Amino acid sequence: MPAASLAFPTPDLTRQVSFHLLDDPQEWTSFSRLDAKNTGCWESNLMIEGMHCAACALTIEDVLLHVPGVVRANVSAGSHRAQVVWAADAVLPSGWMRAIEAAGYRAVPANDAFSRERRLTESRKALWRLAVAGLCMMQVMMYAYPAYVAAPGDLTGEMEQLLRWASWVLTLPVILFSCGPFFSSAWRDVLNRRVSMDLPVAIGMLITFVVSTAGTFDPQGTFGGEVYFDSLTMFVFFLLAGRWLELRLRDRTAGALEALMNRLPDSIDRQCADDTFEPVAVRRLQVGDVIRVLPGQTFPADGVLLQGDTQVDEALLTGESHPVSRSAGGWVIAGSHNLSSVVQVRVERVGAQTRFSEIVGLMESASTTKPPIAQLADRIAKPFLIGVLLAAGLACAYWWPSDPGHALMVAVAVLVVTCPCALSLATPAAMLSAAGNLAKGGVLVRRLAAFEAMASVDTVMFDKTGTLTRDAMVLASIQVRDGVSTEYALDMAAALARYSLHPVSKALVAANNTERVKQWHASLVKEVAGSGVSGKVWQGDLKREDSDSASDVSLGSAEFCGISAYKTEAKTETLRSFLSDEQGWLATFEFQEDVRSDALDTVKALQKNGVEVFLVSGDSVQAVSRVAAQVGITAFQGGCTPQDKLAFLQDAQKRGKKVAVVGDGLNDGPVLAGAHVSFAFGRAVPLAQAQSDFVVLGEQLGLVIKTLGLAKQTMCVVKQNLWWAAGYNALCVPLAVMGLLPAWLAGLGMALSSLFVVLNALRLADPKKSQETD
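Small disclaimer: the values here were computed from a predicted structure and weren't measured.

*Asks:* When you look at the overall build of the chain in this model, what are you seeing that I'm missing?
*Replies:* Across its full length, the chain carries 26 helices and 27 strands. Buried residues in the chain amount to 49% of all 774 residues. Long-range pairs, those at least 24 residues apart, make up 66% of the contacts in the chain with a sequence separation of at least 6.

*Asks:* Sorry if this is basic, but what is going on with the sheet that holds strand 10 (residues 310-313) here?
*Replies:* By definition, the strands of a sheet pair up through backbone hydrogen bonds, in either a parallel or an antiparallel sense. Here we have three strands laid out as an open sheet, ordered 11-10-13, and antiparallel in their pairing. What marks the edges here is a single partner per strand, and that holds for strand 11 (324-326) and strand 13 (337-338). Sheet analysis places strand 10 next to strand 13, joined by two bridges and oriented antiparallel. The residue bridging Val312 from the neighbouring strand is Asn338, located in strand 13.

*Asks:* Mind showing me how you'd approach helix 17 (residues 486-497) here?
*Replies:* Residues separated by three or four positions in an α-helix point in the same direction, a consequence of the helix having 3.6 residues per turn. Relative to the 16 Å expected for twelve residues at 1.5 Å per residue, helix 17 spans 16 Å between its end C-alpha atoms, a close match to the ideal helical length. Within helix 17, nine of the twelve residues are buried, which leaves it mostly tucked inside the rest of the structure. Considered for burial, the residues of helix 17 that qualify are Ala489, Leu490, Asp491, Met492, Ala493, Ala494, Ala495, Leu496 and Ala497.

*Asks:* What is the right way to read the packing of aromatic side chains from this model?
*Replies:* Here the distance between the centres and the angle between the planes together describe a pair of aromatic rings. Inspection of the entire model under this criterion finds eight aromatic pairs. Ring geometry for Trp168 versus Phe217: centroids 5.3 Å apart, planes at 85°, classification edge-to-face. Of the two residues, Trp168 is situated in helix 6 (residues 157-178) and Phe217 in helix 8 (residues 198-217); the sequence distance between them amounts to 49 residues. By relative accessible area, Trp168 is classed as buried at 16%. Their ring planes at 90° and their centres at 5.3 Å tell us that Tyr398 and Trp399 sit as a pair that is edge-to-face. A network of ring pairs unites the aromatic residues Trp165, Trp168 and Phe217 as a single cluster. We note Arg129 situated over the ring of Phe177; from NZ or CZ to the ring centre the distance is 5.9 Å. It is Arg292 that lies over the ring of Phe277; its NZ or CZ is 4.5 Å from the centre.

*Asks:* Just to check I follow, could you spell out helix 4 (residues 93-102) for this structure?
*Replies:* Where helix 4 is concerned, the buried positions are Pro93, Ser94, Trp96, Met97, Ala99 and Ile100. With its phi angle positive at about 100°, Gly104 sits one or two positions after the end of helix 4.

*Asks:* Hey, could you run me through the nonpolar core in this one?
*Replies:* Across soluble globular proteins, nonpolar side chains show a tendency to be buried alongside one another. By size, the foremost hydrophobic cluster in this structure holds 46 residues, and its most contacted members are Met454, Phe462, Leu468, Ile633 and Phe694. Per-element tally for this core: the top contributor is helix 24 (residues 703-737), with eight residues. When near neighbours in sequence (up to four residues on either side) are disregarded, Met454 contacts Ala660, Val677, Phe679, Val704, Thr707, Leu708 and Ala711. Residues Ala82, Val91, Ile100 and Tyr105 belong to the second largest nonpolar core, which totals 26 residues.

*Asks:* Teacher, can you tell me more about the side chain of Lys645 here?
*Replies:* Note on placement: Lys645 falls in helix 21 (residues 642-654). Among the residues examined, Lys645 registers a relative accessible area of 1% and is labelled buried. Here Asp463 takes part through its side chain, which lies 3.4 Å from a polar atom of the side chain of Lys645.

*Asks:* What should I look at first to understand the packing of helix 17 against helix 18 (residues 503-511) in this one?
*Replies:* Each pair of packed helices can be summarised by the angle the axes make with each other and by the distance between the axes. Where helix 17 meets helix 18, the axes come as close as 9 Å, and the angle between the chain directions of the two elements is 130°. Classified by the interaxial angle, the pair formed by helix 17 and helix 18 is oblique. Considering only the axes of helix 17 and helix 18, their crossing is left-handed. Facing Leu490, Ala493, Ala494 and Ala497 of helix 17, the residues of helix 18 in contact are Ser505, Leu508, Val509 and Ala511. Class assignment for the residues of the contact of helix 17 with helix 18 results in seven nonpolar, one polar and no charged.

*Asks:* Quick question: what am I supposed to make of unusual backbone geometry here?
*Replies:* One can expect most non-glycine residues to show negative phi and most peptide bonds to be in trans. Not every positive phi belongs to a glycine, and Asp275 is a case in point at roughly 70°. If you trace the backbone, Asp275 turns up in the loop between strand 6 (267-271) and strand 7 (277-281). The phi torsion at Leu524 lies on the positive side, around 50°, for a residue other than glycine. By the element assignment, Leu524 lies in strand 18 (residues 520-528).

*Asks:* Before we go on, may I ask you to explain the pattern of salt bridges in this structure?
*Replies:* Close approach of charged atoms lets side chains of opposite charge pair. Counting across every chain of the model gives ten salt bridges. A salt bridge links Arg346 to Glu348; the shortest N-O distance between them is 2.7 Å. Accessibility expressed as a relative area gives 31% for Arg346, which makes it partly exposed. Where Arg576 meets Glu590, a salt bridge forms, and the shortest distance between an N and an O atom there is 3.0 Å.

*Asks:* Explain the packing of helix 6 against helix 8 here, please?
*Replies:* Look at helix 6 against helix 8: their axes get within 10 Å of each other, and the N-to-C directions meet at 145°. Like other packed secondary-structure pairs, helix 6 and helix 8 cross with a definite hand, here left-handed. Along the contact surface, helix 6 presents Gln161, Arg164, Trp165, Trp168, Thr171, Leu172 and Ile175, while helix 8 presents Phe209, Thr213, Gly215, Thr216 and Phe217. A per-class count over the contact of helix 6 with helix 8 returns six nonpolar, five polar and one charged.

*Asks:* Before we go on, may I ask you to explain the side chain of Asp581 in this structure?
*Replies:* In this fold, Asp581 is placed in strand 21 (residues 575-581). The class of Asp581 is buried, set by a relative accessible area of 15%. Ignoring anything within four residues of it in the chain, the contact list for Asp581 reads Arg481, Asp552 and Leu586.

*Asks:* I would appreciate a short explanation of the sheet that holds strand 15 (residues 443-445) in the present structure.
*Replies:* Taken together, the seven strands give an open sheet; going across it, the order is 15-27-26-25-16-23-24, and neighbouring strands pair in mixed fashion. Only two strands of the sheet have a single partner each, and these edge strands are strand 15 and strand 24 (635-637). Between one strand and the next, the sheet's axes are offset by a mean angle of 20°, whatever the strand orientation. Sheet topology note: the strand 16 (residues 459-462)/strand 25 (residues 659-663) ladder contains four bridges and is parallel. The residue bridging Met461 from the neighbouring strand is Val661, located in strand 25. Running at roughly 160° to strand 24, helix 20 (residues 621-631) makes contact with strand 23 (612-616) and strand 24 of the sheet. Relative to the sheet, helix 21 contacts strand 16, strand 23, strand 24 and strand 25, its axis offset from that of strand 25 by approximately 160°.

Definitions and limits used
- Residues numbered from 1 in each chain as written.
- Predicted model: local features only at pLDDT ≥ 70, side-chain atom pairs only at ≥ 80, totals over all residues.
- Heavy atoms only, no water.
- Helix = DSSP H or I, 4+ residues; strand = E, 2+ residues; numbered from the N terminus.
- Buried < 20%, exposed > 50% of the residue type's maximum accessible area, 1.4 Å probe, protein only.
- Contact = heavy atoms within 4.5 Å.
- Pairing = 2+ DSSP bridges.
- Expected span 1.5 Å × (residues − 1).
- Phe/Tyr/Trp six-rings, centres within 6.5 Å; stacked < 30°, edge-to-face > 60°.
- Lys NZ or Arg CZ within 6 Å of the ring centre and 35° of its normal.
- Core = buried A, V, L, I, M, F, W, Y, C linked by side-chain atoms within 4.5 Å.
- Polar contact = N/O pair within 3.5 Å; in protein donor to acceptor, adjacent residues only side chain to side chain.
- Axes fitted to C-alpha atoms, helices over the stretch in contact; angles between N-to-C directions.
- Parallel < 35°, antiparallel > 145°, perpendicular 65-115°, else oblique.
- Left-handed = near helix turned anticlockwise from the far one by under 90°.
- Nonpolar A, V, L, I, M, F, W, Y, C, P; charged D, E, K, R; others polar.
- Salt bridge = Lys/Arg side-chain N within 4 Å of Asp/Glu carboxyl O.

The following block contains the structure:
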């Protein structure tokens, strides 16, 4: 066999094979859906690797829109996600994906199986670069310190030269390893004749290193007077730290989005012609297929139940707070969980036609929509970067005829002093400090920019289930027949309820937390999904189930317990469960959702601060009305679909409202993503957490109030930092251009300006101080 036949595929060949696989129409549904607005067009969602700034987003959009057949392209610099609408009769996915790759970036489907591994690899490399830059920076600063503080004659020429050589050696790993992404991105910009933030940064790094190297190798030469290894390593460390923090936040978001994509099973049992079942990939399902879904599995498609009775958890899709019963002829939806028994389902909707896919589509669209402030940043990104390069170039050209060495140093000073280090630290430093403060109190910040939106919020939109209320139900009241105590009835019911996972059963067990529970026993327990549980119940010795003291007891609906007189009562808004024995009706238990203890105080505090409060839920109007009355909310809306919630939000935004959404559940995903700022409680599904700006880990709804107060204080600190950074640049840039600001002073000014904004931001890190100033 020839040796060449043993060679492994090259990366380029692997990429070509991947592109051709994506051109298969059967694969399109895995990362695309038909576009509702353009006939014959598909909408694809991608993750873009290699992006660093808003200029990158604009570049990718320009590249895509120049591909024949691409109708629309939106690229988010914040989430590194892209949405591409393309005409199938004019271009294939490989065409516009190759265009993105030719521009120097990498596009992968949003649900790519290996994207998590690539992100982990990228995160590890970024952390190593940061660690190397930090270690070398500290050592270089130590060697540079004597030169700053020594009086004339304190340092001999040999000692000063030795310190320079040591700094040069320690700077090499920073330049060759830590600065690698900056230089590679800048080189890509040069090859493609465009500009991004990395280009002026890389030029400044390179000039500083070359000038300092020349001063090290030739102390008596043109550049021998000063070296700037300390400023260079510190500058690199600050930039890498910011990028690593951004990467970590983006990695968490992408990981949660993957969890959503993987919510559906990879395979399911499909019925064959001989009535046997075989596993098939979910994406191969077709309308009319009959599938078997086991307890604990997720329904992979919308369909009709053909065989079996079960309970289905649809809370994450419809907002329904209780498991719903489904029997033959009932409708089940993709993404809901089968809780209790094996069922057979005839598939009616697959892929993009399912409710689950609609919710995912709404969420992806909301996450790629750019708010006005992001659009403004995109518009000024390239002009600002070009202006920085022109300012440095013009300053260098002006001084070059008189003194080339001085001209280069002026250019370095301009690049260093105009480096947006302080400006870039002004906002994230304050927000990171505030985020640490909130983390101590039980709130995790997912997007730092949300502080700005939170500070201007004038409207709060609450979901009900899992937000204003807890996930569990609570026992509200007990009615018993004459001669029976409420304790006796509760003990008997709890003895049966321990064998069921139904929310009503859990509420009964939770209410019966006394020592008496040990005295009650049950046997021969049977549960009928959606109806109730029955068995023999007795009090006393564990082995007395055959004695006369054991009663045949039923717990559940009126029909299940044989209590026809109560059939109509189950139609009221109060959830009831009944208990019966051989003599008939024994007790009625009424339940209600467990409203959070601080919900009323939170709503009152928001209203006191001039914030409008709304309750919008997918649950029934009666249930929403009851909870709204309990917490003091007068404006509410029930029976809302995810589209209804998003429409309600968008209507408020059109009226100029700054809306914060507090929600939980998959059906809250689109509205969480589209809100100005959003909260999700810790038990929310990963997707809702990923699209939310704040995640509340505990059970305290009052943390929303704390976040609002801290956000206002944070923006006050941000404005102070921005004014400082802007004033510093307004003063120093003209001095640098005129040659009156030496490079070492420019570097020192950059360091001091950064130190000021960091120290000012640290005031937000102390919970006590921040509370005092709220």
